[in-house]
Amino acid sequence: MSEKKDEKQADQTPVQPIPDKAIDSPATRTDDDPPAVDVAHSSGVGRWAEAEGDQEPVQIGERRGMFGPTRGQDTSGYGGLVTPTLLPGASARPYGGDFDVIADRLGAALTGAVGYDTAVEKVVIDRGEMTVFVRREHLLAVARVLRDDPALRFEMCMGVSGVHYPGEEGRELHAVYPLLSITHGSRRLRLEVTCPDTDRHIPSVVEVWPGNDWHERETWDMFGIVFDGHPALTRILMPDDWPGHPQRKDYPLGGIPVEYKGGVVPPPDERRAYS
């Protein structure tokens, strides 16, 4: 009986109020209202530390709510949820397996050139993958070493992807290069380079990996990263006169009005708010 009584008492633990649950008031506003954070639930912080051990994550922002309502009441009930935007932090040696072999050889090869500590910002080992963050002014030197050194021989660059982190001040734009070494049994490595939104320039790697020609054009088209030295950096998906870069997170949500059997569907940002 005593155990059942304890369980019943535990179930009656008070729960924090959720914004927009009852009425729209200063205490229960939508997720885009800063006071809502005062009574919000947090998510994800403890689970990351448990999963990644001693690796300290880097918080670059937070997301409020679940479905992103910006006008009217949040009918989902998740308006008070606050989820931090976390990126994995730098990993410490030893990395384990081939990762240490790659780091050691890359460091030795760069010693006579720019120097490993000068060229490499940090190394991140996350989910069984290795990412080497390279300072953009040394990207070409690192790329040539990774391609030409016999102990590395990353002959193939599988493209370049852009990422936009508006909350990461001074390094809002990332260019990510997945590399593949056929010589060493399909060994894989990822290079990542950052640049600030106020200076969107990263050197082109087309002279090292010519197949990146179209990939850099697409990343420029979608994110606005200028790849210096590219032979013909023009749009590849959008029209040449298209304003802005559609995959940036600050790109407007609206679109072109659509007509359907006499009815007009306006862009999402021009539709009415729910009340």
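## With respect to the packing of aromatic side chains
At step 1: Tallied over the full model, the rule gives 0 aromatic pairs.
At step 2: Lys122 extends its terminal NZ or CZ atom over the ring of Phe133, reaching a point 4.7 Å from the ring centre.

## Describing the side chain of Ser181
At step 1: Relative to the helices and strands, Ser181 is located in strand S8 (residues 173-181).
At step 2: Note on Ser181: relative accessible area 0%, which makes it buried.
At step 3: Excluding residues within four positions of it along the chain, Ser181 makes contact with Leu152, Arg153, Phe154, Glu155, Ser186 and Arg187.

## Section: a nonpolar patch on the surface
At step 1: On the surface, Met156, Met158 and Ile182 cluster together to form a nonpolar patch covering roughly 260 Å² of accessible area.
At step 2: With respect to the element layout, Met156 can be found in strand S6 (residues 156-157).
At step 3: Owing to a relative accessible area of 33%, Met156 belongs among the partly exposed residues under this scheme.

## Thoughts on the confidence of the model for the protein chain
At step 1: On average, residues of the protein chain carry a pLDDT of 80, and 71% of them reach 70 or more.
At step 2: In the predicted structure, residues 7-11 sits below a pLDDT of 50 and forms 0 contacts with residues beyond four places in sequence or in another chain.
At step 3: Here residues 13-53 is a poorly scored stretch, pLDDT under 50, and it has 61 contacts once near neighbours within four places are set aside; other chains count.

## Details of the pairing of strand S5 (residues 129-134)
At step 1: With 5 of 6 residues buried, S5 is to be regarded as a mostly interior element.
At step 2: Pairing geometry for strand S4 (residues 120-126) and S5, over 6 bridges, is antiparallel. Pairing of Asp126 across the sheet is with Glu129, part of S5.
At step 3: Where S5 lies against strand S9 (residues 187-195), 3 bridges are found, and the strand directions are parallel. Pairing of Val132 across the sheet is with Leu191, part of S9.

## Focus on unusual backbone geometry
At step 1: A cis geometry characterises the amide bond from Arg93 onward to Pro94, with omega recorded as -5°.
At step 2: Counting through the fold element by element, Pro94 comes out in the loop between strand S3 (81-87) and helix H3 (98-111).
At step 3: The phi dihedral of Ser186 falls on the positive side, at around 60°, and the residue is not glycine.
At step 4: Checked against the element boundaries, Ser186 lands in the loop between S8 and S9.

Calculation rules
- Residues numbered from 1 in each chain as written.
- Predicted model: local features only at pLDDT ≥ 70, side-chain atom pairs only at ≥ 80, totals over all residues.
- Heavy atoms only, no water.
- Phe/Tyr/Trp six-rings, centres within 6.5 Å; stacked < 30°, edge-to-face > 60°.
- Lys NZ or Arg CZ within 6 Å of the ring centre and 35° of its normal.
- Helix = DSSP H or I, 4+ residues; strand = E, 2+ residues; numbered from the N terminus.
- Buried < 20%, exposed > 50% of the residue type's maximum accessible area, 1.4 Å probe, protein only.
- Contact = heavy atoms within 4.5 Å.
- Patch = residues over 30% accessible without salt bridge, like charges linked within 9 Å, V, L, I, M, F, W, Y side chains within 5 Å.
- Areas by Shrake-Rupley, 256 points an atom, 1.4 Å probe, with all protein chains shown as cover.
- Salt bridge = Lys/Arg side-chain N within 4 Å of Asp/Glu carboxyl O.
- pLDDT = per-residue confidence, 0-100.
- Pairing = 2+ DSSP bridges.

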